[in-house]
Amino acid sequence: KSRVLAEGQVLGYTIIYRRVKRTNELIVNGIVYDQIEALVETAHTLTAEVDGHKITAEYDGKLHSIIKVDNEVITKKLRLF
């Protein structure tokens, strides 16, 4: 059981940023590349390097979940609790 915070597809990659219980995960093509566990969420960035591309999933600590590939915003989603 999980909550998808943001997702997108680019360059043949399926990227999912999700929360499972107290853990946020960055998943690329079904593989978890980075995660952070926190009871209360603060601003953070999860990163992955896949085939020479830098993929990040960020929470700005306020309202948005953001996915970037090579520093270009792919998805920016408003988080409502």
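The structure this text deals with has already been given above.
Residues numbered from 1 in each chain as written. Predicted model: local features only at pLDDT ≥ 70, side-chain atom pairs only at ≥ 80, totals over all residues. Heavy atoms only, no water.

Re the sheet that holds strand β2 (residues 13-20)
Whether parallel or antiparallel, the strands of a sheet pair through hydrogen bonds between backbone atoms. With antiparallel pairing, the 4 strands of this open sheet are ordered in space as β1-β2-β3-β4. Lying at the two open borders of the sheet, with one neighbouring strand each, are β1 (3-10) and β4 (31-37). Geometrically, the sheet is characterised by an average inter-axis angle of 15° between neighbouring strands, direction not taken into account. Two elements, β1 and β2, share 7 bridges in a ladder whose sense is antiparallel. Each residue of the ladder has a partner; that of A6, found in β2, is Y17. (Pairing = 2+ DSSP bridges. Helix = DSSP H or I, 4+ residues; strand = E, 2+ residues; numbered from the N terminus. Axes fitted to C-alpha atoms, helices over the stretch in contact; angles between N-to-C directions.)

Remarks on a nonpolar patch on the surface
On the surface, L63, L78 and L80 cluster together into a nonpolar patch covering about 310 Å² of accessible area. The exposure class of L78 is partly exposed, given its relative accessible area of 45%. (Patch = residues over 30% accessible without salt bridge, like charges linked within 9 Å, V, L, I, M, F, W, Y side chains within 5 Å. Areas by Shrake-Rupley, 256 points an atom, 1.4 Å probe, with all protein chains shown as cover. Salt bridge = Lys/Arg side-chain N within 4 Å of Asp/Glu carboxyl O. Buried < 20%, exposed > 50% of the residue type's maximum accessible area, 1.4 Å probe, protein only.)

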